[in-house]
Amino acid sequence: MAKQARAVRTRRAVIEAAAHVIGAHGYQAATMAEIIQRAGVTKGAVYFHFTSKDALARAVVTEQSHPFLPQVSDSRLQDAIDFSHRVALALRSDALLQAGTRIAVETTFSEDPLMPYRSWTDIITTMFTDARGNGELLHGVVPDRAAEFFVAAYMGVQLFSRAATNRADLPERVTALWKHTLPGLASPGVLSHLDPQGRSVTAVVRAPEAPCAKA
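Residues numbered from 1 in each chain as written. Predicted model: local features only at pLDDT ≥ 70, side-chain atom pairs only at ≥ 80, totals over all residues. Heavy atoms only, no water.

Caption draft 1: Summary view of the nonpolar core. Leu77, Phe83, Val87, Trp120, Phe128, Tyr154 and Trp178 are the most contacted members of the largest nonpolar core, which has 33 residues in total. Counting only elements with at least two residues in this core, the list comes to helix 5 (76-90), helix 7 (117-133), helix 8 (143-165) and helix 9 (170-181). Discounting chain neighbours no more than four positions away, the residues touching tryptophan 120 are Gln64, Ser65, Phe68, Phe83, Val87, Leu97 and Val151. Grouped together as the second largest cluster of nonpolar side chains are 27 residues, Ala18, Ile35, Ile36 and Val61 included. (Core = buried A, V, L, I, M, F, W, Y, C linked by side-chain atoms within 4.5 Å. Buried < 20%, exposed > 50% of the residue type's maximum accessible area, 1.4 Å probe, protein only. Helix = DSSP H or I, 4+ residues; strand = E, 2+ residues; numbered from the N terminus. Contact = heavy atoms within 4.5 Å.)

Caption draft 2: Layout of the packing of helix 1 (residues 2-25) against helix 2 (residues 32-39). Direction vectors running N to C along helix 1 and helix 2 enclose 125°, while the axes themselves pass 8 Å from each other. With respect to each other, helix 1 and helix 2 are oriented oblique. Viewed along their axes, helix 1 and helix 2 form a crossing whose handedness is right-handed. On helix 2, the residues that touch Ala13, Val14, Ala17, Ala18, His20, Val21 and His25 of helix 1 are Glu34, Ile35, Arg38 and Ala39. Taken together, the residues of the contact of helix 1 with helix 2 break down into seven nonpolar, two polar and two charged. (Axes fitted to C-alpha atoms, helices over the stretch in contact; angles between N-to-C directions. Parallel < 35°, antiparallel > 145°, perpendicular 65-115°, else oblique. Left-handed = near helix turned anticlockwise from the far one by under 90°. Nonpolar A, V, L, I, M, F, W, Y, C, P; charged D, E, K, R; others polar.)

Caption draft 3: Spatial organisation of unusual backbone geometry. A positive phi is found at asparagine 166, a non-glycine position, where the angle reads about 55°. Topologically, asparagine 166 is positioned in the loop between helix 8 and helix 9. Note on asparagine 166: relative accessible area 54%, which makes it exposed.

Caption draft 4: Structural view of the pattern of salt bridges. Applying the stated criterion across every chain yields a total of ten salt bridges. Notably, a salt bridge pairs arginine 76 with aspartate 130, separated by 3.2 Å at the nearest N-O pair. Linking arginine 76 in helix 5 with aspartate 130 in helix 7, this pair joins segments that are 54 residues apart in sequence. Assessed through its relative accessible area of 33%, aspartate 130 is described here as partly exposed. Here the residues in one salt-bridge network are Arg76, Asp79, Asp82, Asp130 and Arg199, joined through shared partners. (Salt bridge = Lys/Arg side-chain N within 4 Å of Asp/Glu carboxyl O.)

Caption draft 5: Molecular detail of the environment of valine 46. Mapped onto the elements, valine 46 comes out in helix 3 (residues 43-49). We classify valine 46 as buried; its relative accessible area is 0%. What valine 46 contacts, discounting residues up to four positions off in sequence, is Val14, Met32, Ile36 and Val41.

Caption draft 6: Structural view of the side chain of threonine 175. In this structure, threonine 175 sits in helix 9. The buried category is assigned to threonine 175, whose relative accessible area is 10%. If near-sequence neighbours (up to four positions away) are discounted, threonine 175 is found in contact with His85, Pro196 and Gln197.

Caption draft 7: Broad picture of the environment of tryptophan 120. As for its position among the elements, tryptophan 120 is in helix 7. Put simply, tryptophan 120 and glutamine 37 are 83 residues apart on the chain and 31 Å apart in space, counted from C-alpha to C-alpha.

Caption draft 8: Region of interest: the environment of serine 75. Tracing the sequence through the fold places serine 75 in the loop between helix 4 (53-63) and helix 5. Classification of serine 75 by relative accessible area gives buried; the value is 15%. Beyond its immediate sequence surroundings of up to four residues, serine 75 is in contact with Glu136 and Leu194. At 3.1 Å, the side chain of serine 75 forms a polar contact with the backbone nitrogen of glutamine 78. (Polar contact = N/O pair within 3.5 Å; in protein donor to acceptor, adjacent residues only side chain to side chain.)

Just distances and angles here, no functional claims.
Here's what the structure looks like:
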């Protein structure tokens, strides 16, 4: 059991190290040597869990959305708004989210692009589907198509914010995105009750991992 727990901590340490290195230098420029050094584990321990930088990047993409479980309230559209704002706040400092963005951008034109926005699209699709069941969506809105559009727009907004202000103004830009999007999503009776700025939104903070001994 102790060996298994140590393996879990090692794997997590490597993923977090990769996220920091990729977030700082980009996916293409990041090297396994630098990731190994930052993780504080042996080369053998890293390659036991990840056979290549590509495999490690895929783990970063998979792990990045785990803490961001949407809340469930009477308004699933408002839940989607609040969820998007929590992610926006976290993007300012969360290494896995930042690395996932760089991986997506840098591999877009490769033969096998890594697309972290798939998991986000699935999350938003679920909320939009629930919203349709609640009668919150306009007739004719298809949840999965609407979710794909929103996530694509969100990706562009956060990249624009990154270039303009290092994401300092991202919450304001996300609010503007919702103000322009909601009239095409929400039924008239629901629209007036939605808050595009989010309700009491706070950033999600990942639980820190315990230091990992050399493996």
